[in-house]
Amino acid sequence: MKIIIAILLIIVVLITAWFYAENIKLEKQVTKQQGELDVSAKYIKQLNKKIAEDHNLVSSSKTNEEKIRALMDTYLKEQNKDVYVDSGKTIQYDEQRRFLPDIIPVKGDFAISQRFSEKHPAWDFAAATGTEVVAVAAGEILSVYYDEHYGNVIIIDHLNEYATLYAHLATIFFESKNTVEKGETIALVGNTGNSSAPHLHYEIMFDGKNVDPKEYIDVKK
Ligand SMILES: [Zn+2]
């Protein structure tokens, strides 16, 4: 009987020891896997951080590009230059055209009320009083004066062989010797001098002689 009890006790002790050993083995395995999981989680965290950083970098560089383009557009518009920005790639600036009288001298609605002839070496642009008159090319104001027939007059020297004259003006914003840019507003349409209705009397002179504006501007009115 004692022997049987002793054998049973030994069996119980062995089974307990075996369970204990297995338990330790399992715990070790769990700890190891937990460690691996921690490393993976850390790695994923780092990757997420990197992705977020890259995303920020991409969106901020896009924003910067848009800002730069907007700034350039504003700058160029302010300068009244014959320039455009196309997808930030093409910038055209025609230095030759800057001094050529090839744009319409009024900014707004108009109708040509009289064209070029020997007796009238100019074009008349009928437009509402106060319509903006622009410098058709860059240059220097040659003179600003009042004439009984032409009313308020401004003449611009385009520093090549060209000069332009604008008459019957209501208001003139510049004085002699001032410089102007192509497209810059220089005066307002009026009815001063010998004029029966508000209009701009516009002359182009080349080498001191009046030339027909039709050679320089395309007006389908
Ligand atoms: Zn006229």
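Criteria and thresholds
Residues numbered from 1 in each chain as written. Predicted model: local features only at pLDDT ≥ 70, side-chain atom pairs only at ≥ 80, totals over all residues. Heavy atoms only, no water. Helix = DSSP H or I, 4+ residues; strand = E, 2+ residues; numbered from the N terminus. Buried < 20%, exposed > 50% of the residue type's maximum accessible area, 1.4 Å probe, protein only. Donors = N, O, S within 2.8 Å, 3.2 Å for Na, K, Ca; no water. Tetrahedral: all angles 85-135°; square planar, octahedral: opposite > 155°, others 65-115°. Patch = residues over 30% accessible without salt bridge, like charges linked within 9 Å, V, L, I, M, F, W, Y side chains within 5 Å. Areas by Shrake-Rupley, 256 points an atom, 1.4 Å probe, with all protein chains shown as cover. Salt bridge = Lys/Arg side-chain N within 4 Å of Asp/Glu carboxyl O.

A. Structural view of unusual backbone geometry. Phi is positive for histidine 168, which is not a glycine, with a value near 65°. Along the chain, histidine 168 falls in strand β9 (residues 162-172). Residue classification places histidine 168 among the buried residues on the basis of a relative accessible area of 3%. Although it is not a glycine, lysine 177 sits at a positive phi angle of roughly 80°.

B. Local environment of the coordination of the zinc ion. In this structure, His120 (NE2), Asp124 (OD), Asp124 (OD) and His201 (ND1) serve as the protein donors to the zinc ion, at separations of 2.0 to 2.7 Å. For the zinc ion, the 4 donor atoms in the first shell make angles of 54 to 158° at the metal, a pattern classed as irregular. Each donor residue of the zinc ion belongs to the same chain, with the gaps between them written as H-x3-D-x76-H. In this pair, aspartate 124 is assigned in strand β5 (residues 123-126) and histidine 201 in strand β12 (residues 199-206), connecting sequence segments 77 residues apart.

C. Region of the structure containing a nonpolar patch on the surface. Together, Met1, Ile3, Ile4, Ile5, Ile7, Leu8, Leu9, Ile11, Ile15, Trp18 and Phe19 make up a nonpolar patch on the protein surface, roughly 1,200 Å² of accessible area in all. Here isoleucine 3 lies in helix α1 (residues 2-79). A relative accessible area of 62% means that isoleucine 3 is categorised as exposed.

By themselves, these observations are geometric and do not establish any function.
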